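A closer look at the structure
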Amino acid sequence: MTLEEKLGQLTQFTPGKKDLPALIAQGRVGSVFGTGTSDDVNALQRVAVEQSRTKIPILFGHDVIHGWRTIFPIPPAIASSWDPRMAELAARIAAREARSAGLRWTFAPMVDIARDPRWGRIAEGAGEDPFLGSAMAAAQVRGFQGSDVLACAKHYVAYGAAEGGRDYNSTDMSERMLRQVYLPPFKAAVDAGVGTLMSAFNALNGVPTTANRHTLSDILRGEWKFEGFVVSDYDAVVQLIPHGVAATAQEAAIKAISAGVDMNMVDDSYITLAEAVRSGKISQSVIDTAVRRVLRAKIRVGLFTDPYTDSSREAAAMLTKENLDAARQVAQKSIVLLKNDGPLLPLSKTARTIAVVGPLGDSQEDMLGPWSALGKKEDAVSVLEGLRAKVSPATRLLKATGEDISAAVAAANEADVTLAVLGEARGMSGEAASRVSLDLPGSQQQLLESLVATGKPVVLVVMSGRPLTIGWAAEHVPSIVWAWYLGSQSGHALADVLFGDVNPSGKLPVTFPRSVGQIPIYHAHLRTGRPPEPDDKYTSKYLDSPNEPLFPFGFGLSYTKFAYRNLTIEGMTASAEIQNVGDRAGEEIAQFYIGDPVASVARPVKELRGFEKVALGPGETKRVSFTIQRDALAFWSDSGWKVEPGTFKVWIGPSSAEGLEGSFELGQ
Ligand code: GLC
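Residues numbered from 1 in each chain as written. Predicted model: local features only at pLDDT ≥ 70, side-chain atom pairs only at ≥ 80, totals over all residues. Heavy atoms only, no water.

A closer look at the sheet that holds strand S11 (residues 336-340)
Spatially, 6 strands are ordered S11-S16-S15-S14-S12-S13 in an open sheet, and the strand pairing comes out mixed. Two strands lie at the open edges of the sheet, namely S11 and strand S13 (396-400), each paired on one side alone. Strand-to-strand twist of the sheet, defined as the mean angle between neighbouring strand axes without regard to direction, takes the value 15 degrees. Summarising the sheet, strand S12 (residues 353-357) and strand S14 (residues 417-423) pair through 4 bridges and their orientation is parallel. Residue pairing across strands places Val357 opposite Ala420, the latter belonging to S14. Relative to S14, helix H18 (residues 444-453) is tilted by about 170 degrees, and along the sheet it contacts S12, S14 and strand S15 (458-463). (Pairing = 2+ DSSP bridges. Helix = DSSP H or I, 4+ residues; strand = E, 2+ residues; numbered from the N terminus. Axes fitted to C-alpha atoms, helices over the stretch in contact; angles between N-to-C directions. Contact = heavy atoms within 4.5 Å.)

Some remarks on helix H3 (residues 38-51)
Between its terminal C-alpha atoms H3 stretches 19 Å, which fits the 20 Å expected from 14 residues at 1.5 Å a residue. Residues of H3 that are buried: Ser38, Val41, Asn42, Leu44, Gln45, Val47, Ala48 and Val49. (Expected span 1.5 Å × (residues − 1). Buried < 20%, exposed > 50% of the residue type's maximum accessible area, 1.4 Å probe, protein only.)

Some details on the packing of aromatic side chains
By the definition in use, this model includes 20 aromatic pairs. Note on Trp105 and Phe107: the rings are 4.9 Å apart at their centroids and 80 degrees apart in plane angle, and the pair reads as edge-to-face. Exposure class is identical for Trp105 and Phe107. Each is buried. Note on Tyr168 and Phe201: the rings are 5.2 Å apart at their centroids and 80 degrees apart in plane angle, and the pair reads as edge-to-face. A residue pair is termed long-range when its members are at least 10 positions apart, and Tyr168 in the loop between strand S5 (152-156) and helix H7 (175-182) and Phe201 in the loop between strand S6 (196-199) and strand S7 (203-204) qualify at 33 residues. Overall, the relative accessible area of 37% leaves Tyr168 in the partly exposed class. Put simply, the rings of Phe33, Trp105, Phe107, Phe229 and Tyr234 touch in pairs and so form one group of aromatic residues. A cation over a ring is seen here: Lys606 above Trp651, with NZ or CZ 4.4 Å from the ring centre. (Phe/Tyr/Trp six-rings, centres within 6.5 Å; stacked < 30°, edge-to-face > 60°. Lys NZ or Arg CZ within 6 Å of the ring centre and 35° of its normal.)

Considerations on the pattern of salt bridges
Side-chain pairing between opposite charges can occur once the charged atoms of the two side chains come close. If you walk through the whole model with that rule in mind, you get 40 salt bridges. Of the charged contacts in the structure, one is a salt bridge between Lys339 and Asp341, with a shortest N-O distance of 3.7 Å. For Lys339, a relative accessible area of 13% translates into the label buried. Classification of Asp341 by relative accessible area gives partly exposed; the value is 45%. Between Lys642 and Glu644 there is a salt bridge, and its shortest N-O distance comes to 3.7 Å. Classification of Lys642 as partly exposed rests on a relative accessible area of 33%. On the basis of relative accessible area, Glu644 is assigned to the buried category, the value being 14%. Among the ionic contacts, a cluster of salt bridges with common partners joins Arg328, Lys349, Lys390, Asp496 and Asp501. (Salt bridge = Lys/Arg side-chain N within 4 Å of Asp/Glu carboxyl O.)

Overview of the pairing of S5
Buried residues dominate S5, accounting for 5 of its 5 residues. For S5 and S6, the ladder comprises 4 bridges, and the chain directions are parallel. The residue of S6 that forms the bridge with Tyr156 is Ser199.

Regarding the domain arrangement of the protein
Domain parsing of the protein yields domain 1 (3-9 + 62-286), domain 2 (324-518) and domain 3 (562-666). For domain 2 versus domain 3, the separation of C-alpha centres amounts to 33 Å. Every contact between the two is made by 6 residues of domain 2 and, on the other side, 9 residues of domain 3. For the domain 2 and domain 3 pair, buried surface summed over both sides reaches about 640 Å², with 37% attributable to carbon and sulfur atoms. A per-residue breakdown of the area domain 2 buries against domain 3 is headed by Asn503, Ser505 and Lys507, which together make up 72% of the total. (Domains from an automatic or database assignment. Buried area = accessible area lost by both parts, 1.4 Å probe.)

Observations concerning the packing of helix H5 (residues 84-100) against helix H6 (residues 130-146)
Contact geometry of H5 with H6 gives a least axis separation of 7 Å together with a crossing angle of 30 degrees. In terms of their interaxial angle, H5 and H6 are classed as roughly parallel. Crossing handedness for the pair H5 and H6: right-handed. Residues Pro84, Ala87, Glu88, Ala91, Arg92, Ala94 and Ala95 of H5 form the contact with H6, whose participating residues are Ala135, Met136, Ala139, Gln140, Arg142, Gly143 and Phe144. A breakdown of the residues in the contact of H5 with H6 according to their chemical character gives 9 nonpolar, 2 polar and 3 charged. (Parallel < 35°, antiparallel > 145°, perpendicular 65-115°, else oblique. Left-handed = near helix turned anticlockwise from the far one by under 90°. Nonpolar A, V, L, I, M, F, W, Y, C, P; charged D, E, K, R; others polar.)

Topic: the site of the ligand
Inspection of the region around the ligand gives 13 residues, with Asp63, Arg121, Lys154, His155 and Asp233 positioned closest. Here an oxygen atom of the ligand sits 2.6 Å away from a polar atom, N or O, in the side chain of His155. Glu431 places a side-chain nitrogen or oxygen 3.1 Å from an oxygen atom of the ligand. About the coverage of the ligand: the protein hides 93% of its 310 Å² of free accessible area. Here the residues of the shell around the ligand are counted per class, giving 7 nonpolar, 1 polar and 5 charged. (Near = heavy atom within 4 Å. Polar contact = N/O pair within 3.5 Å; in protein donor to acceptor, adjacent residues only side chain to side chain. Areas by Shrake-Rupley, 256 points an atom, 1.4 Å probe, with all protein chains shown as cover.)

Examining the sheet that holds strand S17 (residues 562-570)
Pairing is antiparallel across the open sheet formed by 3 strands, whose spatial order is S17-S18-S21. Either end of the sheet is taken by a strand with one partner, and the two such strands are S17 and strand S21 (621-627). Averaged over all adjacent pairs, the angle separating strand axes in this sheet is 20 degrees, with direction ignored.

Digging into the environment of Asp544
Here Asp544 shows up in the loop between helix H20 (490-498) and S17. Taking the C-alpha atoms as reference points, Asp544 and Trp472, 72 residues apart in sequence, are found 16 Å from one another.

Following this line, the structure appears as structure tokens:
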């Protein structure tokens, strides 16, 4: 291969690139992302394989985050299931559909830990916790790669810690925070065999992650022995110039590839490395190492043996009954019941009149959420459609968008129960969608208060890519269902839960603040030297708000109730009984937390170290057990990971805010 052909393998464009076929024929392109069909892929692949001198096939990629044509719930919704099998199922089906469209690489899973819901990309990950996030990361890698599509853990690293929750903003943290919170999901992805990583946009402690030797080489290659390749994020290499660490595209390219970014997404800066090699600014061996990594990945996904895609099978692979049923099942498990006074839910299928009010009540497009690949709104089942399919033919469904509040109130007055379907339009979260307010958008709060003021029963269903500050609703609305965006089968899955065919089991993967003023707020926080005391002014709290969140990490209700009893610790195993003390079957996600009250550094009050979903019939009791792994007790010290002897606390319970407490001694 010539030097230019080698650099071509390290260059990725989109289909819109000017003269793309000619560039491919010249051997200047190694990857293309953003194609739609297998015909698009095969046309470009033929140019590479039949016209270029090296005949090396192109690696086609896309953002297949939570579905290709069959759209699954957004990742925080799937994380709300606390069921890695659901994450793996969704990824496997998404990859199967994407592979039939000629794709062999997805820029997923997004595994960024996020503790600031102002950041719109919290809608793409698994929430605030590294233990839950690691389980979801590994499951998605297994799912995508199990369908022969390379996965890509992104955005490496700490992108979710953007100051102010403002996308692309700086991140700054201790090595301990990096190691204990932001790196673990990437390590889990690497341990699960992920084929690629994507470097991020943010600067980490002043060094852009796309030129960060510490994370890209010392940790990823030196410690973790990662053998795949790293792609930059979109234009992230030339963005080293505005970051202020490079003066030219060539300087940026030298820094990026030297730090460990093997492939350059879109900005075409790696072609400047030809002169850099020839003038001795960089060694040819750095280029060769990157090319080997990319070629090994192409071999791994069968491109050299089978570069083309059978287009005849593409249409039949999409939106099959199996895929849609899976999307409905995953959506059912992703729904979180936050409140249910009365209980008002489940509703009756023979109710006389139900009003469906709000901008999301009959929306199909918003059900897809952000990053919905080739998902089509016409394939999505709206809430109204889902209800219509569920209720009796005699039930009247009234619809009001809520723009005209008086019309919405009239519908509520006419109905036996009103379903207020409120929240964000799907474009209000995702990339470049940070918000300073987390209130219900527009006039939705006024609409909600008007509906409640009718005195008729109101169920609030919220759809959003992020937590919202729904404090008024939490006080005044009898039932609240958190639905995130549930994908193609939204309406059916919601109707399954709202009318009781499915008992909701989801739990929050992220803390819901009362107000933006509390952010950052998360469960695994440090104790401080002045833990909040209501009666002591001089302790760590606010004058105008409780410290506690609106809803804690791990919170979620059921149509039945569960009781936790008899926590025991025998050796290094903690266990407890859970009984379904209600009158209907349900699933409970038991959570296991560990705390280290005294150590050589201040430790979080508790950290999630296990979870198990238990299905229980009415009255049934089961015991859940959690093995206390020694590395679960470790923390990052100046000399690396460390476990210290001493007393540890454990909790087994329904959320991070409550549970049975015990303790154990760890010897030397
Ligand atoms: C975007 C995103 C990244 C995505 C890439 C390609 O800017 O940051 O998540 O995979 O570009 O679309």
